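Single-letter residue listing:
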Amino acid sequence: MADVTGRMLSLLSTLQSGRSFAGDELARRLGVSPRTLRRDVERLRGYGYPVDTQPGPGGYYRLAAGRTMPPLVLDDDEAIATLLGLAALAATGTATYGALDEAATRTYGKLEQFLPARLRPRVAAVRASLETGRHETPPVTAEQLGLLADAIADAEVVTFTYTDAHGARSRRRVEPYRQVHHLLRWYLLAWDVDRADWRVFRLDRVDGPVRTGTRYAPRPLPAESALEYLRRGLGRAGQRVTLVVEAPAHRVLDALRYHDVEVDAVGDRRTRIVVSVDSWQWLLLNLAFLDADFTIDAPPHLTAACRTFAHRLLTATPPAPTTPDPPRRS
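If you're wondering where the values come from, they're calculated on a predicted model, not measured in any experiment.

Rules behind the numbers
- Residues numbered from 1 in each chain as written.
- Predicted model: local features only at pLDDT ≥ 70, side-chain atom pairs only at ≥ 80, totals over all residues.
- Heavy atoms only, no water.
- Buried < 20%, exposed > 50% of the residue type's maximum accessible area, 1.4 Å probe, protein only.
- Helix = DSSP H or I, 4+ residues; strand = E, 2+ residues; numbered from the N terminus.
- Pairing = 2+ DSSP bridges.
- Contact = heavy atoms within 4.5 Å.
- pLDDT = per-residue confidence, 0-100.
- Salt bridge = Lys/Arg side-chain N within 4 Å of Asp/Glu carboxyl O.

Student: Would you mind going over the pairing of strand 8 (residues 239-245) with me for this structure?
Tutor: Working note: regular strand, side chains alternate between the two faces of the sheet. A large share of strand 8 lies buried, amounting to five of its seven residues. Where strand 8 meets strand 10 (residues 271-277), seven bridges bridge the pair, whose relative direction is antiparallel. By the bridge assignment, Arg240 is partnered in strand 10 with Ser276. Relative to strand 11 (residues 294-297), strand 8 runs antiparallel, the two sharing four bridges. Following the sheet pairing, Val245 is matched in strand 11 by Phe294.

The structure is reproduced here in structure tokens:
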């Protein structure tokens, strides 16, 4: 398969030079037989690439004039995955012009014209059959993500104005290292030059990022990955709780899909969960959605709060009616 892919790319690259090639010359350039060349040309046509041919003496192969930028080469699975990815991204955000979700919406509408002709009916059918529910998240622009990505690649210091969770604004000068997408939010892990420490910034709270042209020497990351560092920071104020739930892992993941949890299948019908919680109320609410038996391993004050609430529920709930015994026959 790799040889076929390499041959196709070499053929396409050669034809994109704009000139005409005799069959024998083109076969020699690519190191293939005339029969293999004919098959590869037919493959290109199947992908939607317009290759003109002239048979016989003086014949040639040539990419059609005005089409040196050929259509996007995707197989069926790749085309559908691309479309679904754009649809999912377009369903997040506020549809503000320039925001990432708005750019995804525009791309979603343009995708069909860049695909080979054989894939267009399938893509059109998927688009017509697909609906996505919106989940509004704070907007982040593609321009912002691109600027920070370039700065990370070039190890270049960036400045911006940052608004924290309490509304306080401050000017920051940072060495950017990673961008992280986690639980429908975008984050930047960076070394804060003025504070001489690692910081994580919500990208929707970053305003006016500017590349300074000043380079920095990369530092080792403060964790195995930026995502691990972010998750550690988000759970710092919470309390670690371990649960064993009498339900399969897929049910647990579905009930807690918007939460950062570690899920480990103990068996077909039992799942171990590790989660950092801010309050016992959060824990009980989500356990109610699981609708399954469970055990809790948590700090004493948290388990005491759960017992107190359980007692309140029992006190507030009238006892179940008892079924009277059937009358005895004399």
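Student: Help me understand helix 5 (residues 100-110) in this model?
Tutor: At 3.6 residues per turn, the α-helix brings residues three or four places apart onto the same side. For helix 5, the set of buried residues is Leu100, Asp101, Glu102, Ala103, Ala104 and Tyr108. Buried-residue contacts for helix 5 involve helix 4 (76-90), helix 6 (120-129), helix 7 (142-153) and strand 5 (185-192).

Student: Quick question: what am I supposed to make of the confidence of the model for the protein chain here?
Tutor: When pLDDT is low, close inspection of the predicted coordinates is not appropriate. Residues with a pLDDT of 70 or more make up 93% of the protein chain, whose mean pLDDT is 85. Highest mean pLDDT in the protein chain belongs to strand 3 (residues 156-163) (98); lowest belongs to helix 1 (residues 2-15) (76).

Student: Sorry if this is basic, but what is going on with the pattern of salt bridges here?
Tutor: Between side chains of opposite charge, pairing is possible as soon as their charged atoms come close. Counting across every chain of the model gives 17 salt bridges. In this structure, Asp197 and Arg199 form a salt bridge, with 3.0 Å as the shortest nitrogen-oxygen distance. Here Glu228 makes a salt bridge to Arg232, at a shortest N to O gap of 3.2 Å. Residue Glu228 and its partner Arg232 are both found in helix 8 (residues 226-234); the two are separated by four residues, about one turn of the helix. Among the charged side chains, a salt-bridge network with shared partners connects Arg7, Asp40 and Arg43.

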